[in-house]
Amino acid sequence: MAKITILYYSKEGHTKALAEVIKSILDPMLPARIQSELVSATTLNFERLKDSAAFILGSPDYFSYVAGYMKTFFDDLWEHRAIFKDRPAFGFITHGGGGKATKALEDLCGSFKFNYIKPTISTGKPADEKLKTQIKANCEKLLKLLK
Ligand SMILES: Cc1cc2nc3c(=O)[nH]c(=O)nc-3n(C[C@H](O)[C@H](O)[C@H](O)COP(=O)(O)O)c2cc1C
């Protein structure tokens, strides 16, 4: 069974809510051989991540950067970066009206050489139909890369 990990950090719940929206859009699209798993970055565990075929990575925008827990994810996994090379991924950011952390997340994913899908999902409010359409398009691209 292949796995897609939706890894996120959330303090006040907005990013967790978006992670759950993404899972609810992704799951009905999954073939029987693939499952998705929601993982909080606070429970980071390399053993749990290393077999993941693809990643969806989410963070709040903190001071125009990703939250510390997400940075720790990247810092801690740097020594294992060869494992993540070319794995399909896309990112999502929730923010309070800025959203500059999108670039930080893209740069970090670039350093790990993920096969990164754009656009990065970014929102300062609960997911509306337009955002859900964008999420679905990113999920379709992700699944195409897993074929
Ligand atoms: C410490 C801190 C720093 C923040 N910095 C920014 C920022 O630079 N730009 C921005 O647009 N929003 C900023 N915000 C707002 C959060 O990104 C936004 O509320 C986000 O949705 C919180 O996610 P969460 O509910 O998953 O914790 C900041 C919030 C906190 C707590």
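The structure under discussion appears in the preceding block.
Residues numbered from 1 in each chain as written. Predicted model: local features only at pLDDT ≥ 70, side-chain atom pairs only at ≥ 80, totals over all residues. Heavy atoms only, no water.

1. Observations regarding the site of the ligand
And step 1. In the neighbourhood of the ligand, 17 residues make up the surrounding shell, with S10, T15, D61, T94 and G98 lying closest.
And step 2. Between the ligand and K11 there is a distance of 2.8 Å, counted from an oxygen atom to a backbone nitrogen or oxygen.
And step 3. Contact between the ligand and S64: an oxygen atom at 2.9 Å from a main-chain N or O atom of the residue.
And step 4. Burial of the ligand by the protein chains amounts to 78% of its free accessible area of 650 Å².
And step 5. Mapped onto the shell around the ligand, the elements with two or more residues apiece are α1 (14-26) and β3 (54-62).
And step 6. Of all the elements, β3 adds the most residues to the shell around the ligand, at 3 residues.
And step 7. Residues belonging to the shell around the ligand are distributed by class as follows: 3 nonpolar, 11 polar and 3 charged. (Near = heavy atom within 4 Å. Polar contact = N/O pair within 3.5 Å; in protein donor to acceptor, adjacent residues only side chain to side chain. Areas by Shrake-Rupley, 256 points an atom, 1.4 Å probe, with all protein chains shown as cover. Helix = DSSP H or I, 4+ residues; strand = E, 2+ residues; numbered from the N terminus. Nonpolar A, V, L, I, M, F, W, Y, C, P; charged D, E, K, R; others polar.)

2. Overview of the pattern of salt bridges
And step 1. Scanning all chains against the criterion turns up 12 salt bridges.
And step 2. The salt bridge partner of K71 is D75, with a shortest N-O separation of 3.0 Å. One end of the pair is K71 and the other is D75, both in helix α3 (residues 68-77) and 4 residues apart, which spans about a single turn.
And step 3. The class for K71 is partly exposed, based on a relative accessible area of 29%. (Salt bridge = Lys/Arg side-chain N within 4 Å of Asp/Glu carboxyl O. Buried < 20%, exposed > 50% of the residue type's maximum accessible area, 1.4 Å probe, protein only.)

Note that all results are geometric; they support no functional claim without further evidence.
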